[in-house]
Amino acid sequence: GEQGNHWSNYLGWDRNGDARGDVPYEANDMVDRLSWQHPMMKLLLASPAVQALRLVGQQFPVMRVPSVIEARPRMQPVQPQWPAWRQKLKEHPDAR
């Protein structure tokens, strides 16, 4: 059956066109851990240096931290209207 999750910050690719990422997604990688420890680092999250650090962390197991791993993440959300739902939660955080 159709299982798996879509992760909005997934940076992988889908070379065979099966709508599943070819690179596993790690929910809490080295960059996430650093940004939790140093909140001001969030200003740099979109920078090429931080993106390179994410890729290095994926390629070298020595630098990996324990994490939730999605082996074959979805490339698109199952429900296409999820951004509207997410926006409603941001506008009304007490509705959770």
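Structure: see above.
Residues numbered from 1 in each chain as written. Predicted model: local features only at pLDDT ≥ 70, side-chain atom pairs only at ≥ 80, totals over all residues. Heavy atoms only, no water.

Novice: What is the right way to look at the environment of D32 in this model?
Specialist: Tracing the sequence through the fold places D32 in helix α1 (residues 30–37). Residue class for D32 comes out buried when judged on its relative accessible area of 12%. Between the alpha carbons of D32 and L45 there is a distance of 9.4 Å; along the sequence they are 13 residues apart. (Helix = DSSP H or I, 4+ residues; strand = E, 2+ residues; numbered from the N terminus. Buried < 20%, exposed > 50% of the residue type's maximum accessible area, 1.4 Å probe, protein only.)

Novice: I would appreciate a short explanation of the packing of aromatic side chains in the present structure.
Specialist: Pairs of aromatic rings are described using the distance from one ring centre to the other and the angle between the two planes. Inspection of every chain in the model, using the stated rule, returns two aromatic pairs. Geometrically, the ring pair formed by W7 and Y25 is stacked, given 4.5 Å between the ring centres and 20° between the ring planes. Of this pair, W7 sits in the segment before β1 (25–26) while Y25 sits in strand β1, and the two are 18 residues apart along the sequence. Y25 sits in the buried class, given a relative accessible area of 7%. (Phe/Tyr/Trp six-rings, centres within 6.5 Å; stacked < 30°, edge-to-face > 60°.)

Novice: Which parts of the structure should I look at to understand the side chain of S35?
Specialist: As for its position among the elements, S35 is in helix α1. With relative accessibility at 5%, the residue S35 sits in the buried group. Look past the residues within four positions of S35 in its chain and what remains in contact with it is M41 and K42. (Contact = heavy atoms within 4.5 Å.)

Novice: I keep staring at the layout of surface pockets and nothing clicks. Help me out?
Specialist: Summary: where empty space remains is shown by rolling a probe the size of a single water molecule over the atoms. Looking at the largest pocket, its volume works out to about 200 Å³. Around the largest pocket, the lining residues are N9, Y10, L11, P24, Y25, E26, D29, D32, L45, Q51, R54 and Q58. Of all the secondary-structure elements, those providing two or more residues to the lining of the largest pocket are β1 and α2 (48–59). Per element, the largest residue contribution to the lining of the largest pocket is three residues, and it comes from α2. Residue classes in the lining of the largest pocket are distributed as five nonpolar, three polar and four charged. (1 Å grid on protein atoms, 1.4 Å probe; cavity = no way out; pocket = protein on both sides within 12 Å on 5 of 7 lines; lining within 4 Å. Points joined across faces, edges and corners; volume = space filled by probe spheres on them. Nonpolar A, V, L, I, M, F, W, Y, C, P; charged D, E, K, R; others polar.)

Novice: Help me understand a nonpolar patch on the surface in this model?
Specialist: A surface patch of nonpolar side chains, amounting to about 380 Å² of accessible area, comprises M40, L43 and L44. Here L44 lies in the loop between α1 and α2. A residue is classified by how much of its surface remains accessible, and L44, at 48% relative accessible area, is partly exposed. (Patch = residues over 30% accessible without salt bridge, like charges linked within 9 Å, V, L, I, M, F, W, Y side chains within 5 Å. Areas by Shrake-Rupley, 256 points an atom, 1.4 Å probe, with all protein chains shown as cover. Salt bridge = Lys/Arg side-chain N within 4 Å of Asp/Glu carboxyl O.)

Novice: Mind showing me how you'd approach the pattern of salt bridges here?
Specialist: Working definition: two side chains of opposite charge can pair if their charged atoms are close together. For the structure on display, the rule yields one salt bridge. Note that D18 is salt-bridged to R72, the shortest N-O span being 2.2 Å. Linking D18 in the segment before β1 with R72 in the loop between β2 (69–70) and α3 (82–91), this pair joins segments that are 54 residues apart in sequence. Since its relative accessible area comes to 41%, R72 is described here as partly exposed.

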